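Commentary on secondary and tertiary structure
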Amino acid sequence: MLRAVSILPPDHGRGLPYDSVTLEHTERRLRRKLLRLKGGDEVMVDFPQTLTLEHGSALELEDGRLVGIIAAEELLYEIRARDTAHLVRLAWHIGNRHTSAQLEEARILIKRDHVLKTMLEGLGATISNVSEPFYAEHGAYHSHADSGHALLAR
């Protein structure tokens, strides 16, 4: 079985991967996991701490080959508001329900949940169904050092 020994950042400059794996937001946050690559190979990831794999980053294998990380498209709600103050209020209500969210200047993205949709529409939000990669904010206790950029010991 193949084994990952390090994670390279998206701009690693080490060449093209021999294969790739497509993962949803929650799947890209891992410590120990067996991944099945697009081509069918399996790779064991077993790192000392939990890390977040970024879209475009790569796993380096024991034999030096690279596996590209692709962020999967996910079924999301795009939340838009009347103005910035309204968007901040909507973000507060989403956070108050401990819901993962991708916060942007003009919109918020969350995983589809009909209960949250009803609540947000009741607060005056405009909700649209979208399908795209999801990059939710990390929690307050997330270490900035675990973004997957650190080269891990072999």
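A short tour of the structure in this document, coming up. (Residues numbered from 1 in each chain as written. Predicted model: local features only at pLDDT ≥ 70, side-chain atom pairs only at ≥ 80, totals over all residues. Heavy atoms only, no water.)

**Considerations on helix 1 (residues 84-96)**
The line we're drawing: The secondary structure listing takes helices from DSSP runs of H or I that are at least 4 residues long and strands from runs of E that are at least 2 residues long, numbered from the N terminus. To estimate how far a helix should extend, the number of its residues minus one is multiplied by 1.5 Å. For every residue, the accessible area obtained with a 1.4 Å probe (protein chains only) is divided by the maximum for its type, and the residue is called buried under 20%, exposed over 50%, and partly exposed between those limits. Each direction from the helix axis to a C-beta atom contributes to the arc, which is the arc of those directions. Should any heavy atoms of two residues lie within 4.5 Å, those residues are considered in contact. Within 3.5 Å is the distance limit for a polar contact, defined as a pair of N or O atoms, with the added protein rule that one can donate a hydrogen and the other accept it, and that residues adjacent in sequence qualify only through two side-chain atoms.
When the terminal C-alpha atoms of helix 1 are compared, their 18 Å separation across 13 residues agrees well with the 18 Å that a helix rising 1.5 Å per residue should span. Of all the residues in helix 1, the buried ones are H86, L87, L90, H93 and I94. Each buried residue of helix 1 sits inside an arc of 120 degrees when the element is viewed along its axis, so together they form one side. Facing away from the buried side of helix 1, by more than 90 degrees, are the exposed residues T84, A85, V88 and W92. Contact partners of the buried residues in helix 1: strand 7 (73-80), strand 9 (108-111) and helix 2 (114-122). With a side-chain oxygen positioned 3.3 Å from the backbone nitrogen of A85, the residue opening helix 1 is D83. Just downstream of helix 1 lies H98, where phi reads positive at about 55 degrees.

**Side note on the nonpolar core**
Put simply, the test is: The nonpolar core is taken to be a set of buried Ala, Val, Leu, Ile, Met, Phe, Trp, Tyr and Cys residues, with the residues joined through side-chain atoms within 4.5 Å.
With 17 residues, the main nonpolar core has V43, V45 and L59 as its most contacted residues. Mapped onto this core, the elements with two or more residues apiece are strand 1 (2-8), strand 2 (19-23), strand 3 (29-36), strand 4 (42-52), strand 5 (58-61) and strand 6 (66-71). Tallying contributions element by element places strand 4 first for this core, with four residues. Beyond its immediate stretch of four places on either side in the chain, V45 contacts A4, L30, R31, R32, K33, L35 and L59. Of all hydrophobic cores here, the second largest spans 14 residues; its members include L87, I108, I110 and I127.

All quantities given are derived from atomic positions and should not be read as evidence of function.
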